[in-house]
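Here's the letter readout for the chains.
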Amino acid sequence: MECKDLIKIYKQNKHLAHRWPPQNRDTRDLISLSKEYKLYATGPASYPINLKKLSHPLVADVVDRMSSRAHQYFGSKVTMGWGELKKHEKGSIHPLHLDTSNVNLASIIYLHSLTSGHTFFEDGTQVTPRAGRIIFFHGKKYKHGMTIPQKDRYTIPVWWTLP
């Protein structure tokens, strides 16, 4: 039930979302990109809302529980870098990549179950979106991406710093 409520919170606050990646209208920048990255830069997109912009008790509770899990598995010195309540549009793509920010641990909570829009890793591992499922992985070490969802996909990705 919480997952459905979190999707409702997203829809009520979609005015706080921004397109990612930003729409790139200068095709000269796209010439050297692969077909996958061209679609990523110009096609259907994701629309994240920074969790810090959402002052809702359910969001705060979910973040607290995620932090508890992160501490349980990775130690008490793990700190949250940032997080998002995110919608990936039907047909969007997130190509295989390594995270490039100053955080090194990534997590994803899936807010509904889908038969597409899997999180995948370079070694062939795929994680099917199931409502309430959370995964953690080292985003700078393991190349990861998302298969094309056949429906809108809602998640809460959070990035953490390990000492």
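Residues numbered from 1 in each chain as written. Predicted model: local features only at pLDDT ≥ 70, side-chain atom pairs only at ≥ 80, totals over all residues. Heavy atoms only, no water.

A.B. asks: What is the right way to look at the sheet that holds strand S4 (residues 105–110) in this model?
C.D. replies: By definition, the strands of a sheet pair up through backbone hydrogen bonds, in either a parallel or an antiparallel sense. The antiparallel open sheet is built from five strands, whose spatial order is S1-S2-S9-S4-S7. A single partner strand is all that each edge strand has here, and the edge strands are strand S1 (46–50) and strand S7 (134–137). Across the sheet, the mean angle from the axis of one strand to that of its neighbour is 25 degrees, orientation sign disregarded. Relative to S7, S4 runs antiparallel, the two being bridged by four bridges. (Pairing = 2+ DSSP bridges. Helix = DSSP H or I, 4+ residues; strand = E, 2+ residues; numbered from the N terminus. Axes fitted to C-alpha atoms, helices over the stretch in contact; angles between N-to-C directions.)

A.B. asks: What exactly am I supposed to notice about the pairing of S4 here?
C.D. replies: Consecutive residues of a regular strand have side chains that alternate between opposite faces of the sheet. Counting buried positions along S4 gives six out of six residues, so the element sits mostly inside the fold. With burial as the criterion, each face of S4 is covered, one bearing Leu105, Ser107 and Ile109 and the other bearing Ala106, Ile108 and Tyr110. Summarising the sheet, S4 and strand S9 (residues 153–161) pair through six bridges and their orientation is antiparallel. Each residue of the ladder has a partner; that of leucine 105, found in S9, is tryptophan 160. (Buried < 20%, exposed > 50% of the residue type's maximum accessible area, 1.4 Å probe, protein only.)

A.B. asks: Looking at this model, I keep getting lost on the pattern of salt bridges. Mind explaining?
C.D. replies: If charged atoms from side chains of opposite charge come close, those side chains can pair. Summed over the entire model, instances satisfying the criterion amount to four salt bridges. Linking lysine 86 and glutamate 84 is a salt bridge whose minimum nitrogen-to-oxygen distance equals 3.8 Å. As far as burial versus exposure is concerned, lysine 86 and glutamate 84 are alike and both buried. Residues participating in the shared-partner salt-bridge network are Glu2, Asp61 and Arg65. (Salt bridge = Lys/Arg side-chain N within 4 Å of Asp/Glu carboxyl O.)

A.B. asks: Looking at this structure, how should I read the sheet that holds strand S3 (residues 94–97)?
C.D. replies: Ordered in space as S3-S8-S5-S6, the four strands form an open sheet in which the pairing is antiparallel. Whereas interior strands pair on both sides, the edge strands pair on one side only; in this sheet they are S3 and strand S6 (126–127). Sheet topology places strand S5 (residues 119–121) next to S6; two bridges connect them, and they run antiparallel. Within S6, the position partnered with threonine 119 by the bridge is valine 127.

A.B. asks: Is there a simple way to explain the environment of tyrosine 10 in this structure?
C.D. replies: As for its position among the elements, tyrosine 10 is in helix H1 (residues 2–12). Taking relative accessible area as the criterion, tyrosine 10 reaches 3% and is therefore assigned buried. Distance in space between the C-alpha atoms of tyrosine 10 and tyrosine 154 is 8.8 Å, their sequence separation being 144 residues. The residues touching tyrosine 10, leaving out its near neighbours within four places in the chain, are Ala17, Tyr47, Ile49, Leu85, Lys86, Lys87 and Tyr154. (Contact = heavy atoms within 4.5 Å.)

A.B. asks: What am I meant to see in the environment of glycine 83 here?
C.D. replies: Note that glycine 83 resides in strand S2 (residues 79–88). For glycine 83, a relative accessible area of 1% puts it in the buried group. When the C-alpha positions of glycine 83 and leucine 51 are compared, they lie 5.5 Å apart, and in sequence the two are 32 residues distant. Those residues in contact with glycine 83 that lie beyond four places of it in its chain are Ile49, Asn50, Leu51, Pro157 and Val158.

A.B. asks: When you look at the packing of aromatic side chains in this model, what are you seeing that I'm missing?
C.D. replies: Both the distance between ring centres and the angle between the ring planes are used here to describe each pair of aromatic rings. Within this structure, the stated rule accounts for five aromatic pairs. Plain terms: the ring middles of phenylalanine 121 and phenylalanine 137 are 5.0 Å apart, the flat faces sit at 85 degrees to each other, and that makes the pair edge-to-face. Here phenylalanine 121 is found in strand S5, whereas its partner phenylalanine 137 is found in strand S7, with 16 residues between them in sequence. By the burial criterion, phenylalanine 121 is buried, and phenylalanine 137 matches it. Taking the centre distance of 6.5 Å and the plane angle of 45 degrees together, the rings of phenylalanine 136 and tryptophan 160 count as tilted. Taken as a pair, phenylalanine 136 in strand S7 and tryptophan 160 in strand S9 lie far apart in primary sequence, 24 residues in all. (Phe/Tyr/Trp six-rings, centres within 6.5 Å; stacked < 30°, edge-to-face > 60°.)

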